[in-house]
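In case you want the letters, here they are:
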Amino acid sequence: MQYRNIVILTGAGISAESGVATFRDNGGLWESHRIEEVATPEAFAADPILVHNFYNMRRAQLPTVQPNDAHKALARLERELNGKCTIITQNVDNLHERAGSESVIHMHGELSKIRCEACKSIHLWEIDCLTETPCPNCEQAALRPHIVWFGEMPFYMDDIYGLLRSCDVFISVGTSGNVYPAAGFVSEVRRLGNAHTVEVNLEPSEGTSLFAECRHGKAGDLLPKLVDEILRLN
Ligand code: APR
């Protein structure tokens with residue numbers, strides 16, 4: 001089967017082999033932090049210093065980690081496919097881009113950006129952000145991480161549903177299938193069209209039974225093989 005329009009959903013598992021903590025595995029971020037204390041608008045209103053520190057720490061980790069074989073395989077797929085290949089990522093790291101992927105949609109935001117709640121401007125950001133840091137545009141101290149928190153609407157949803165409607169294969173990589181709307185994408189793909197669906201995850205995800213094909217193991221081992229298979233038929 002030749003694929004001309006590939007959509008790949010990625011989650012924290014694809015960056016695990018780069019040394020970025022996932023959320024729900026042993027040692028995951030939600031074991032050492034309570035979601036309600038660092039990842040909701042209410043948390044930011046109650047304790048902005050704590051929330052900024054959580055994202056400052058994760059932003060500071062970015063230059064210390066490198067894309068792994070899974071990120072590199074997806075970049076190769078985009079480069080060499082005779083067609084369209086889009087990554088929809090729940091990850092807020094920049095490892096897809098650093099591996100060479102160009103068509104990347106960050107539905108949960110990006111650690112390397114910051115947003116002003118006063119003037120709504122968005123800025124590339126590599127350093128720590130403090131509650132008193134002025135917005136580079138309007139100079140008010142109203143910056144927040146450019147991250148979609150629990151209770152907020154993910155970004156680019158119209159574009160994403162358009163992609164889910166038109167793809168001929170949907171591949172989900174390294175996501176536990178616990179967080180909607182991303183956890184519902186596979187059902188949308190099946191409802192909207194005839195695309196093949198593939199799960200690549202360390203272990204069966206919550207939604208594993210919804211996929212036509214499942215490959216369980218490390219993304220860094222499995223994705224280069226899967227990409228080889230797709231490109232061989234290309
Ligand atoms: N290769 C493939 N899969 C892996 C690997 C690996 N090397 N390591 C871990 N995994 C799998 C785990 O088995 C798990 O199913 O990746 C999945 C990671 O799941 P979560 O930690 O729940 O991460 P994710 O699905 O991306 O979380 C979704 O939840 O808290 C929020 O906003 C945050 O975007 C995040 C969202």
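Residues numbered from 1 in each chain as written. Predicted model: local features only at pLDDT ≥ 70, side-chain atom pairs only at ≥ 80, totals over all residues. Heavy atoms only, no water.

Side note on the site of the ligand
Here is the rule: The criterion for a residue being near a molecule or strand is simple. One of its heavy atoms has to lie within 4 Å of it. Polar contacts, as counted here, are pairs of nitrogen or oxygen atoms within 3.5 Å of one another; within protein the pair requires one atom able to donate a hydrogen and one able to accept it, and residues that are adjacent in sequence qualify only if both atoms are side-chain atoms. Using the Shrake-Rupley algorithm and a 1.4 Å probe, accessible areas are obtained, with residue cover drawn only from the displayed protein chains. When residues are sorted by character, Ala, Val, Leu, Ile, Met, Phe, Trp, Tyr, Cys and Pro go into the nonpolar class, Asp, Glu, Lys and Arg into the charged class, and all the rest, Gly among them, into the polar class.
By nearness alone, 23 residues border the ligand, and Phe23, Arg24, Trp30, Thr175 and Ser176 come closest of all. In the model, an oxygen atom of the ligand is placed 2.8 Å from a nitrogen or oxygen of the phenylalanine 23 main chain. Take histidine 108: an N or O atom from its side chain is 2.9 Å from an oxygen atom of the ligand. Starting from 740 Å² of accessible surface for the ligand in isolation, the protein chains cover 94%. Residue composition of the shell around the ligand, by class: 8 nonpolar, 10 polar and 5 charged.

Comments concerning the environment of arginine 215
Heads up, the rule is: Numbering goes from the N terminus for both helices and strands, where a helix is a DSSP run of H or I of at least four residues and a strand is a run of E of at least two. In what follows, residue pairs with any heavy atoms lying within 4.5 Å of each other are defined as contacts.
Note on placement: arginine 215 falls in strand 9 (residues 213-216). For the pair formed by arginine 215 and proline 204, sequence separation is 11 residues and the distance between their alpha carbons is 8.7 Å. Apart from residues lying up to four places away in sequence, arginine 215 is in contact with Glu199, Val200, Asn201, Leu222, Leu226 and Glu229. Looking at arginine 215, its side chain comes within polar contact range of the side chain of glutamate 229, at 2.8 Å.

Here's the deal with the pairing of strand 4 (residues 109-116)
Consecutive side chains along a regular strand alternate between the two faces of the sheet. Note the following rule: Buried means the residue's accessible area, taken with a 1.4 Å probe over protein chains only, is under 20% of the maximum for its type, while exposed means over 50%, and partly exposed covers the values in between. At least two bridges found by DSSP between two strands is the condition for calling them paired.
In terms of burial, strand 4 is largely enclosed, as 7 of its 8 residues are buried. One ladder, built from 4 bridges, connects strand 4 with strand 6 (residues 143-147); its direction is antiparallel. By the bridge assignment, cysteine 116 is partnered in strand 6 with leucine 143. Where strand 4 meets strand 5 (residues 122-124), 3 bridges bridge the pair, whose relative direction is antiparallel. Pairing of lysine 113 across the sheet is with leucine 124, part of strand 5. Where strand 4 folds back on strand 5, the antiparallel hairpin that results is connected by 5 residues, among which lysine 120 adopts a positive phi of roughly 70°.

Re the packing of aromatic side chains
Formally: Aromatic rings from Phe, Tyr and Trp, taking only the six-membered ring of Trp, are treated as a pair when their centres fall within 6.5 Å; an angle between ring planes under 30 degrees marks them as stacked, one over 60 as edge-to-face, and anything in between as tilted. In this analysis the charged atom, NZ for Lys or CZ for Arg, is taken to sit over a ring once it is within 6 Å of the ring centre and within 35 degrees of the ring normal.
Under the criterion given, the structure shown has 9 aromatic pairs. Taking the centre distance of 4.9 Å and the plane angle of 80° together, the rings of phenylalanine 54 and tyrosine 55 count as edge-to-face. Just as phenylalanine 54 is buried, tyrosine 55 falls in that class too. Aromatic rings pair up to connect Phe23, Trp30, Phe44, Phe54, Tyr55, Trp149 and Phe150 into one cluster. Just above the ring of tryptophan 149 sits the side chain of arginine 144; from NZ or CZ to the centre is 3.9 Å.

Points about helix 6 (residues 69-80)
For clarity, the threshold we go by: Here, expected helix span is obtained from the residue count minus one, scaled by 1.5 Å.
With 12 residues, helix 6 extends 16 Å between its outermost C-alpha atoms, agreeing within 8% with the 16 Å of an ideal straight helix rising 1.5 Å per residue. Turning to helix 6, its buried residues number three or more, namely Ala70, His71, Ala73, Leu74, Ala75, Leu77 and Glu78. Tucked into the core, helix 6 has its buried residues touching strand 1 (5-10), helix 1 (13-16), strand 2 (84-89), helix 7 (95-99) and helix 10 (219-232).

Here we look at the side chain of histidine 52
For histidine 52, the position within the fold is in helix 5 (residues 48-61). In this structure histidine 52 comes out as buried when scored by relative accessible area, which is 3%. A polar contact is formed between the side chain of histidine 52 and the backbone oxygen of leucine 143, at a distance of 3.3 Å. Those residues in contact with histidine 52, other than ones at most four positions away along the chain, are Phe44, Cys129, Leu130, Thr131, Leu143, Arg144 and Pro145.

Digging into the sheet that holds strand 4
Two orientations exist for strands paired in a sheet by backbone hydrogen bonds: parallel and antiparallel. What counts is decided by this rule: Lines are fitted to the C-alpha atoms to define the axes, a helix being fitted only along its stretch in contact, and any angle between axes, read from their N-to-C directions, falls within 0 to 180 degrees.
Reading across from one edge, 5-4-6 is the order of the 3 strands in this open sheet, with antiparallel pairing throughout. Two strands bound the open sheet, and with one partner strand each, they are strand 5 and strand 6. Taking the axes of each pair of neighbouring strands and ignoring which way they run, one obtains an average angle of 40° across the sheet. Those strands touched by helix 5 are strand 4 and strand 6, and its axis lies near 55° from that of strand 6.

A look at the pattern of salt bridges
Selection criterion: Throughout this description, the term salt bridge denotes a Lys or Arg side-chain nitrogen within 4 Å of a carboxyl oxygen of Asp or Glu.
This structure, assessed with the given rule, holds 9 salt bridges. Ionic contacts of the salt-bridge type, sharing partners, join the residues Arg34, Glu36 and Glu37 into one network.

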